[in-house]
Amino acid sequence: MSLNKYKYIVLLFAFSSWSMAFAQNDSSFHFRAKTAILPPDSGNISRYFETRLSESIQFQTISGPGGSVGIHKADFNGLLKFLDDKFPLIRKNLTKNPIDTFSLLYTWKGQNPKLEPILLIAHMDVVPIDSSGEKKWTEQPFSGKIKDGFIWGRGSMDDKVSVMGIMEAIETLLKNGYKPQRDIYFAFGHDEEVNGTGAAAISSRLKARGLHFQFILDEGGGIIDGAIPYVNQPVAFIGIAEKGYLTLHLSVKGLGGTSSVPMDEGAVGILGKAIYRLQDNPFPTRLTIPVRQMFRELGKYMPGINGFIVTNPGLFAGIIKKEMSANPISNSLVQTTIAPTMMTSGVQENMMPTSATMTVNFRILPGETVVSVLARVKRIIHDKRIAINVVEQWNPSKIALIKSKGYKVLRHSIEDVFPKTGVAPTLNVSISDSRNYSKLSNTILHFAPIIMKQGDGDRIHGIDERISISNYKKSVVFYYQLIVNSDLEL
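The structure contained in this document is the topic of the report that follows. What you see is a predicted model; the values in this text were computed from it and never measured.

### Overview of the sheet that holds strand S4 (residues 146–147)
Sheet strands pair by backbone hydrogen bonding; their relative direction is either parallel or antiparallel.
Right, so step 1: Read across the sheet, three strands follow the order S4-S5-S17 without closing on themselves; strand pairing throughout is antiparallel. Both outer strands of the open sheet, S4 and strand S17 (466–468), are each paired with one neighbouring strand and no more.
Right, so step 2: In the sheet, strand S5 (residues 150–152) pairs with S17 via three bridges, with the strands oriented antiparallel. Looking at the pairing, phenylalanine 150 lines up with serine 468 of S17.
Right, so step 3: Across the face of the sheet, helix H13 (residues 469–486) comes into contact with S4, S5 and S17 while running at roughly 80° to S17.

Shown next, in the form of structure tokens:
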């Protein structure tokens, strides 16, 4: 069985801070909205929706270490006022709670308090612009320029598109007189990009109220169009789990001295050998439940031998793991990864350093834990001269069930708004604010209604971030339909 081009399929299943998911047919569940969907060209969507996204991009909401906003305080305050001014029906009819100064929690009360609420989360902050690449942008990164059918700028894909899409959808629902059956919460963190405190503070507030959600939707996933070999239709990916996270400091104390008579091993040398041992002993590759489900569903859209292989991951696990591990992007779906990221040592070129510290980041597969990863690291390094300290940690998330109501609502909402689009699940290899909400729901899902063609994934956190006006309009329609669908079960 020659896989030939099959290995290139795996390049499509991870995009930086984005991830994917799975859909399964269930004949016992027949689901369609009784309320008519807003067509993509509907005049029901509030006018100038693209202009409001453009204006939101112009606020340079760049978060800093520890969730600080620093010199961008005026931008954050400006965005909060902007949301109040541009969405008057939300301001009038919903309860808004500012939390942790710049994060927001909205509550839309439903007609039936017996129903479990849902929670939509997104983040208002964006990553900074690399000064060395700023001149390569087609349009200024915070201009929000509307040109050639696109809205340009930082946040247009990650993640003001979700913030503004949710706000536009709810404002439109209110204008149409819609009254939800269940309570709907939506929360916008201000420091997701720096693993800050906003989402944790919102989660604590919700937990204190004794709330539990039928499902939670966060960013991630997306719709891949025209970039999957052997698949002739777009495929929407929904994240049903998220990898864990562990950052370690490996530290060594040395004797120092002049570099003219170096000792056999200095602090840097000791750390260098430790890093070599770690990378020379990678974690084993595994096909987790989300990845197996992803392949089974994706195979339905892929004819021939490739479809047969990926539809049967149990039979062909060895082949699939070998092909996926050959590329760093796809390898992140089948392995706990090791990434040395920073090193601090020395003060002058002709002096042996008296100390050295290496920062190493791990992204942990479901089925492993922070404890098991730490134990493996200590065993492989096996050097008492190296102090190992945990900087940040959390275990992989629970895996959402594809038979859950939340998954079905999301799947059908995608099918309603993006016809002729397949749906499949995956593992989120990046991290998001959703980890802070893990105790508030058994079903945490990741999907952003963004259509991505070849090369668009590089725009996220990169150069020329942009979204087409037509795609953004469909994003608004998607959130509208998701809320309507969440009230219906036939």
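### Quick look at the pairing of strand S2 (residues 103–108)
Right, so step 1: Burial runs high along S2: six of the six residues are buried.
Right, so step 2: Because side chains alternate across S2, one face comprises the buried residues Ser103, Leu105 and Thr107, and the other comprises Leu104, Tyr106 and Trp108, equally buried.
Right, so step 3: As paired elements, strand S1 (residues 95–99) and S2 share five bridges and run antiparallel to each other. Bridging across to S2, proline 98 finds its partner in leucine 104.
Right, so step 4: In textbook terms, the turn of a hairpin is the stretch between consecutive antiparallel strands, and for S1 and S2 this stretch comprises three residues, one of which, aspartate 100, has a positive phi near 55°.

### Looking at the sheet that holds strand S13 (residues 387–394)
Right, so step 1: Pairing is antiparallel across the open sheet formed by four strands, whose spatial order is S11-S12-S10-S13. Looking along the sheet, the strands with just one partner apiece sit at the ends: strand S11 (337–345) and S13. Averaged over all neighbouring strand pairs, the angle between strand axes comes to 20°, with direction disregarded.
Right, so step 2: Where strand S10 (residues 244–253) lies against strand S12 (residues 355–364), 10 bridges are found, and the strand directions are antiparallel. By the bridge assignment, threonine 247 is partnered in S12 with asparagine 361.
Right, so step 3: Strands S10, S11 and S12 of the sheet are contacted by helix H6 (residues 267–280), whose axis makes an angle of about 15° with S12.
Right, so step 4: Along the sheet, helix H11 (residues 370–381) contacts S10, S12 and S13; its crossing angle with S13, the most-contacted strand, is approximately 155°.

### Looking at the environment of arginine 91
Right, so step 1: Turning to its location among the elements, arginine 91 is positioned in helix H3 (residues 88–93).
Right, so step 2: Note: C-alpha distance between arginine 91 and glutamine 481 (390 residues apart in sequence) is 21 Å.
Right, so step 3: Setting aside residues up to four positions removed in sequence, arginine 91 forms contacts with Asp84 and Asp85.

### Overview of unusual backbone geometry
Right, so step 1: In this chain, aspartate 158 is followed by aspartate 159 through a cis amide linkage whose omega measures 0°.
Right, so step 2: With respect to the element layout, aspartate 159 can be found in the loop between S5 and helix H4 (160–175).
Right, so step 3: With a phi angle near 50°, histidine 382 is a residue other than glycine that sits in the positive phi range.
Right, so step 4: The residue histidine 382 is located in the loop between H11 and S13 in this model.
Right, so step 5: Residue class for histidine 382 comes out exposed when judged on its relative accessible area of 71%.
Right, so step 6: A positive phi angle, near 65°, is found at lysine 420, a position not held by glycine.
Right, so step 7: Along the polypeptide, lysine 420 turns up in the loop between helix H12 (405–417) and strand S14 (422–428).

### What about the pairing of S12?
Right, so step 1: Of all 10 residues making up S12, seven are buried, and the element is well covered by its neighbours.
Right, so step 2: Across eight bridges, the pairing between S11 and S12 is antiparallel. Paired with proline 340 across the strands is valine 360, a residue of S12.

### Let's talk about the pattern of salt bridges
Right, so step 1: Under the counting rule described, the total for this entry stands at 16 salt bridges.
Right, so step 2: Residue aspartate 85 is joined to lysine 81 by a salt bridge in which the shortest nitrogen-to-oxygen separation is 2.7 Å. Residue aspartate 85 and its partner lysine 81 are both found in helix H2 (residues 73–86); the two are separated by four residues, about one turn of the helix.
Right, so step 3: A relative accessible area of 43% places aspartate 85 in the partly exposed class.
Right, so step 4: The shortest N-O distance in the salt bridge between aspartate 383 and arginine 385 comes to 2.9 Å.
Right, so step 5: By relative accessible area, which is 44% here, arginine 385 ends up partly exposed.
Right, so step 6: In the salt-bridge network here, residues are joined through shared partners; they are Glu265, Lys273, Asp383 and Arg385.

What counts and what doesn't
Residues numbered from 1 in each chain as written. Predicted model: local features only at pLDDT ≥ 70, side-chain atom pairs only at ≥ 80, totals over all residues. Heavy atoms only, no water. Pairing = 2+ DSSP bridges. Helix = DSSP H or I, 4+ residues; strand = E, 2+ residues; numbered from the N terminus. Contact = heavy atoms within 4.5 Å. Axes fitted to C-alpha atoms, helices over the stretch in contact; angles between N-to-C directions. Buried < 20%, exposed > 50% of the residue type's maximum accessible area, 1.4 Å probe, protein only. Salt bridge = Lys/Arg side-chain N within 4 Å of Asp/Glu carboxyl O.

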